[in-house]
Amino acid sequence: MRVPDHGALAPWRILAIAGDARLRLGEFVRQRGLEINPAQSEAAQTKDRERFTRAPLVLGVIASPVDRPGVPAIEQILSAGAVCFNLLQGAQALGFGAQWLTGWPCYDPAIKSHLGVREHEHVVGFIHIGTPTQNAPERPRPDPAAHFSIWQG
Ligand SMILES: Cc1cc2nc3c(=O)[nH]c(=O)nc-3n(C[C@H](O)[C@H](O)[C@H](O)COP(=O)(O)O)c2cc1C
């Protein structure tokens with residue numbers, strides 16, 4: 001929670017989802033997916049049911065912006081994003097594997113409500129944490145030069 005935080009508002013909170021709660025949440029997500037799309041495939045249903053079971057601990061990071069003159073919501077949401085990144089770094093520094101995932105359930109009003117996330121709040125990430133069983137595959141990284149320029153005025 002030691003993150004940049006304009007106004008020291010601590011505009012975020014964390015929900016720990018572990019043990020049987022992971023499958024209970026997945027089952028709720030599966031049923032909700034089926035309600036939205038009655039033709040949902042078996043594969044998609046299985047993915048939804050199991051989406052929180054790939055690691056023993058899932059931390060749901062909730063951005064909870066408040067009305068504060070001079071500190072727009074985007075700054076508060078960015079601060080919550082920094083919490084996510086800190087969790088990744090902290091978990092990895094302790095020897096765990098960690099991954100930041102979202103997916104459609106983060107944006108679904110019924111699932112948000114089931115999690116106790118209020119309308120003005122955002123699920124900015126689920127941080128999945130566990131013991132790695134293999135090395136994470138590497139991927140091409142952005143070319144810094146393509147994302148950097150010196151402003152000349
Ligand atoms: C806000 C956010 C949400 C993400 N959600 C997903 C996701 O739902 N599924 C996914 O495969 N990767 C997602 N990612 C990307 C992964 O966190 C990660 O970057 C990717 O698996 C590649 O790993 P690497 O960045 O260590 O190479 C998300 C990243 C961010 C920042």
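In case you missed it, the structure is sitting above this.
Residues numbered from 1 in each chain as written. Predicted model: local features only at pLDDT ≥ 70, side-chain atom pairs only at ≥ 80, totals over all residues.

A. How the structure looks around the pairing of strand 2 (residues 57-63). Most of strand 2 sits out of view: 6 of its 7 residues are buried. Direction of pairing for strand 1 (residues 12-18) relative to strand 2: antiparallel, over a ladder of 7 bridges. Looking across to strand 2, one finds that Leu 15 is bridged to Gly 60. In terms of strand pairing, strand 2 meets strand 4 (residues 122-130) through 7 bridges, oriented antiparallel. Paired with Leu 57 across the strands is Ile 129, a residue of strand 4. (Buried ≥ 20, exposed ≤ 12 C-beta atoms within 10 Å, placed from the backbone. Helix = DSSP H or I, 4+ residues; strand = E, 2+ residues; numbered from the N terminus. Pairing = 2+ DSSP bridges.)

B. Main features of the site of the ligand. The environment of the ligand is made up of Gln 99, Trp 100, Leu 101, Thr 102, Gly 103, Gly 125, Ala 136 and Arg 139. No other element matches strand 3 (residues 97-101), which puts 3 residues into the shell around the ligand. Residue composition of the shell around the ligand, grouped by class: 3 nonpolar, 4 polar and 1 charged. (Near = placed C-beta within 6 Å. Nonpolar A, V, L, I, M, F, W, Y, C, P; charged D, E, K, R; others polar.)

C. The nonpolar core, seen in detail. Counting residues in hydrophobic clusters, the biggest one holds 22 residues, and the most contacted among them are Val 61, Ala 80, Cys 84, Leu 87 and Ile 127. Of all the secondary structure elements, the ones that give two or more residues to this core are helix 1 (20-36), strand 2, helix 3 (73-93) and strand 4. Each residue touching Cys 84, except ones within four places of it in the same chain, is listed here: Val 61, Trp 100, Val 124, Gly 125 and Ile 127. (Core = buried A, V, L, I, M, F, W, Y, C linked by C-beta atoms within 7 Å. Contact = placed C-beta atoms within 7 Å.)

D. Layout of unusual backbone geometry. Even without a glycine there, the phi angle at Ala 8 is positive, about 45°. Topologically, Ala 8 is positioned in the segment before strand 1. A positive phi angle, close to 45°, is found at Ala 10, a residue other than glycine. Within the element layout of this structure, Ala 10 appears in the segment before strand 1.

That is the geometry; function is a separate question.
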